[in-house]
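Survey of secondary and tertiary structure
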Amino acid sequence: MTTAVADPLIARNPSTGAELARVAGTPPERVSQCVDRAAIAQRCWADRPWSGRREGLRRWHRELGRRAEELAEAVCAEIGKPAGEAMAAEVIPSLDALRWTIRSAARVLRDRTESPRWQRWLLMPPARIERRPLGVVGVIGAWNYPILLNAPVIAHAIAAGNAVVWKPSELSSRCGALLQETIDAAGLPEGLVSIVQGGSEVGSALVHANVAKLIFTGGLHNGRRVLEALGARGTPAVVELSGFDAAVVLPDAPDDRTMAALRWSAFLGAGQACMSVKRVFLVDRPAEAWAEAFARQAEAIRIGDPKRPDVDLGPLISDRARDDVHDRVRAAVAAGARLLAGGEPVDGPGSFYRPTVLLADRDQEGPERALEGIFGPVVIVREVADDRSAAEAVNASRFGLSASVWGRDRRRARALADRLDVGVVGVNEATTFFALASAPAGGVKASGFGRVHGAEGLVEMTAPRTVVSRSIKAPRPQVFPYSNRLGRVLRVYRRLVHR
Ligand code: NAD
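A brief structural summary. Predicted, not measured: the structure shown is a model, and the values here were computed from it.

Okay, the site of the ligand next. The environment of the ligand is made up of 29 residues, and the closest members are G141, K167, E170, N222 and L241. The side chain of S242 places a nitrogen or oxygen atom 3.0 Å from an oxygen atom of the ligand. Relative to its free-state accessible area of 850 Å², the ligand is covered by the protein chains to the extent of 90%. Mapped onto the shell around the ligand, the elements with two or more residues apiece are α7 (200–207), β8 (213–217) and α8 (220–233). Along the lines of polarity and charge, the residues of the shell around the ligand split into 12 nonpolar, 13 polar and four charged.

Here it is, written out as structure tokens:
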């Protein structure tokens, strides 16, 4: 008998292109075996009382905390995030999410009772609504937040009594392997959470395996392909896809504070955060001076080796990603945008790209179309006439992940925020909301559906089961033969309740 062996994945440092590690790949044909093994582990796990599951999560939380520095260093090396950012935007929010899960899962997933009260004609006792585990949950992650996109989802799945087979991106295989080590060290049942490593062919094998639900994070194109395959199998999913986030700056927004916040939001992770600001709309004020000042701030960002403490912006994940960003910036310029800062790769090794600020004329939408869904350190600024036009401009994108409104008058900002078709919206806040352990995150429109994080994310890992238990002797109106008596009861009920 021959044992299938997959080529190892080569983890690279995007700052230098140097090899970091070789990670064993999973042969695609092995994926369904992992799912079958997980299904066996899941049955016993689901029978454990919450206190038993909570202990497993606590041990994982402790292990993740113990190896926090190592994980942050791994994210810095493999993804190219500045080390402090890797800790603040990846590891700490992941620890927070586990802590929230440990403290909140019992409350969120508690059975509830729904009494029929006013539906008295049914003569039914209260129903009990239980939250049942689904079975084996498949998780496919993107590379840009290799810990934060996966750890909370895995924690929610197992807290709810599921098993997990998960696949990190092939571009973050080393971070994925380290995260799995922390899970293995938690002493969970054998096979309850397993990692499979590889690219789209391994992801596709997971999609076609016997998973009860799939949580997918990635780009629109791949997300749609995955949804087609899941649809054919009737498998439900949560899909967290691309965004094209906008910030609306109202006339009373103070320049210094607003620019400082937007500069961070736009260029954090080299603009490769799903909720990075990509479009800035200035309401009823000349965009040119604002955009020029913003461009000078973008130019002041310190680019370089993300291991160094005096660096704010590391490389893009790969040369391919950098070339894609550059092509789109050129397309936006060809469509009429003015380049105010950046717009070119940094000379030398590594996939670095300069923070880029573009300016479009008031009614010029072509450059935005050229940039839609871009994943890099690029912002386009445009003036709009009023709040209504701002909402229209934000909503013109097919994506609807997150957005923000900036200004002193919070009532006006809030009213505008209410008109934006997005899954997450901030007033004087952007991007950071993804770190909120207790609030759901996710998009609308082409940005996907379903939620991760918070109670909604936990509930995604369950199926509701309604249980009604009555005495065999209790009277029941619904029996043959139909009688006039039931008709009389319903007439009275109709008059009383549905007048
Ligand atoms: P990607 O679509 O290239 O890959 C995502 C994952 O899907 C990877 O693990 C990949 O191997 C896998 N995959 C690719 N094709 C597949 C297939 N046919 N079947 C099964 N799996 C397949 O995305 P990426 O480059 O890793 O991530 C960047 C994208 O993710 C950006 O568009 C970003 O906006 C998005 N993203 C969204 C969120 C969110 O919360 N909405 C969060 C992070 C990233």
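There's plenty left to go through after this.
This brings us to the packing of aromatic side chains. Using the criterion set out here, one finds five aromatic pairs in the structure. With centroids separated by 5.9 Å and ring planes inclined at 75°, the aromatic side chains of W143 and F375 adopt a geometry described as edge-to-face. With W143 in the loop between β5 (136–140) and α5 (151–159) and F375 in the loop between α12 (366–371) and β14 (378–384), this residue pair connects regions lying 232 residues apart in the sequence. Relative to F294, the ring of W290 has its centre 5.2 Å away and its plane inclined at 25°; by these criteria the two rings are stacked. Within this pair, W290 and its partner F294 are both found in helix α10 (residues 287–299), separated by four residues, close to a single helical turn. On the basis of relative accessible area, W290 is assigned to the buried category, the value being 3%. A connected cluster of aromatic rings, assembled from ring pairs, spans F267, W290 and F294. The side chain of K81 reaches across the aromatic face of Y145, ending 3.1 Å from its centre.

Parameters at a glance
Residues numbered from 1 in each chain as written. Predicted model: local features only at pLDDT ≥ 70, side-chain atom pairs only at ≥ 80, totals over all residues. Heavy atoms only, no water. Near = heavy atom within 4 Å. Polar contact = N/O pair within 3.5 Å; in protein donor to acceptor, adjacent residues only side chain to side chain. Areas by Shrake-Rupley, 256 points an atom, 1.4 Å probe, with all protein chains shown as cover. Helix = DSSP H or I, 4+ residues; strand = E, 2+ residues; numbered from the N terminus. Nonpolar A, V, L, I, M, F, W, Y, C, P; charged D, E, K, R; others polar. Phe/Tyr/Trp six-rings, centres within 6.5 Å; stacked < 30°, edge-to-face > 60°. Buried < 20%, exposed > 50% of the residue type's maximum accessible area, 1.4 Å probe, protein only. Lys NZ or Arg CZ within 6 Å of the ring centre and 35° of its normal.

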